[in-house]
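Commentary on secondary and tertiary structure
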Amino acid sequence: MTTLVKAWKAGGERLKAVGIDQPAIDARLMLEAAACVSRLEIVTEPYRELTAEQEATYESYLDRRGRREPVSHILGRKGFWKIMLNVNSAVLTPRPDTEVIVDEALKAFPEHMAFNMLDLGVGSGAIMLAILAERPAAKALGVDISEDALAVARENAANLDLDGRTVLLRGDWTSGLGDAGFDLVVANPPYIPTHVIETLDPEVRDHDPRLALDGGPDGLGPYRVLAPEILRVLKPGGMFAVEIGYDQSADVEALFRQAGAADVRTIKDLGLRDRVVAGSRNPLETGS
């Protein structure tokens, strides 16, 4: 019979041999799920034996990962910030880089402050739900053009007991929303230039929804729409934070400045790459 430690080591080596990044981490996550064990149990009970069924499940997970299917799709879930989310092929797999938006929002809005948030292109609900989980007086509207994505976000909101503070709507960005309704607007729009998509890792290229990746010929198409619209729906003094590609800071900052944004700045991720453009609507404005 195979033990936990033996399965983990063999699985990691198998994934490493086919060029998977972080093979040991991926092998451990799939072993935890297949054998219904925690990370701690693998360390403290390394010689526990897997059942035949657990071993077969683990083998199937390794096969799928070897074909470059993301671990998040194999397991149907992904951790983000401090929450666990259900994910599938209808939504972008949440990535640690996107947590920069959450961090910036939490810095700007104290814990017990009441505020209204808008998440454009809500996907799995990752950004919106991570913020709501930490800010009990906040409420949020999530908009997505994909009904399948909204179904995932709806399920995640319910699982986290946050559905009472969320509204999820199918829509095209801010279309139909009134002026000056939100204290905070967040978005992780598609920003990959169309011609670059085919060069991405198979996990992204073949498994993330194209709708959530393709930012048009130069990757900036969504920001041209969003910059003036985000400023329109923000309350005076309200804050926005949008994710960007690593080389898009100057262009996206310029679009928001042209739209009239104040305090426009770029925040780097943990890898020291430009990741988020944030700013605010001039608090002295009285209308659009």
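Residues numbered from 1 in each chain as written. Predicted model: local features only at pLDDT ≥ 70, side-chain atom pairs only at ≥ 80, totals over all residues. Heavy atoms only, no water.

Structural notes on the packing of aromatic side chains
Defined as follows: Geometry of aromatic contacts follows a simple scheme: Phe, Tyr and Trp rings, the Trp one being its six-membered ring, pair when their centres are within 6.5 Å, and the pair is stacked under 30 degrees between planes, edge-to-face over 60, tilted otherwise. Per the convention used, a helix needs a DSSP run of H or I reaching at least four residues, while a strand needs a run of E reaching at least two, with both numbered from the N terminus. The rule is simple: take the accessible area with a 1.4 Å probe, protein chains only, and divide by the maximum for that residue type; under 20% is buried, over 50% is exposed, in between is partly exposed.
Within the structure shown, the criterion is met by two aromatic pairs. Ring centres of Phe240 and Phe256 lie 4.3 Å apart, and the angle between their planes is 15 degrees; this geometry places the pair in the stacked category. One end of the pair, Phe240, is in strand 7 (residues 234-243); the other, Phe256, is in helix 11 (residues 249-258), with 16 residues separating them in the sequence. Its relative accessible area of 0% is what places Phe240 among the buried residues.

Observations concerning the nonpolar core
Going by this rule: Remark: nonpolar core denotes a set of buried residues (Ala, Val, Leu, Ile, Met, Phe, Trp, Tyr, Cys) joined through side-chain atoms within 4.5 Å. Contacts are assigned to residue pairs that have any heavy atoms within 4.5 Å of one another.
Core analysis: the largest hydrophobic core is formed by 33 residues, its most contacted members being Met117, Met128, Leu129, Ile131, Leu132 and Leu184. Contributions of two or more residues to this core are made by strand 2 (83-86), helix 6 (99-108), helix 7 (126-134), helix 8 (147-159), strand 6 (182-187), strand 7 and strand 9 (274-281). Top contributing element to this core by residue count: helix 7, with seven residues. Leaving out residues up to four positions away in the same chain, Leu184 has contacts with Ala105, Phe109, Phe115, Asn116, Met117, Leu118, Ile131, Leu234 and Met239. Val185, Ile192, Phe240 and Ala261 belong to the second largest nonpolar core, which has 32 residues in total.

Some details on the pairing of strand 4 (residues 139-144)
What counts, and what does not: The pairing criterion for strands is at least two bridges between them, as found by DSSP. For a crossover, the right-handed case is the one in which the path from the first strand over the helix to the second runs clockwise, viewed with the strands pointing away from the viewer.
Of all six residues making up strand 4, five are buried, and the element is well covered by its neighbours. The pairing of strand 3 (residues 116-120) with strand 4 spans five bridges and is parallel. When the sheet's bridge partners are listed, Met117 is paired in strand 4 with Ala140. Once you follow strand 3 into helix 7 and on to strand 4, the crossover reads as right-handed. Here strand 4 pairs with strand 5 (residues 166-170) via five bridges, running parallel. By the bridge assignment, Ala140 is partnered in strand 5 with Thr166. Chirality of the crossover, the property in question, places the unit of strand 4, helix 8 and strand 5 among those that are right-handed.

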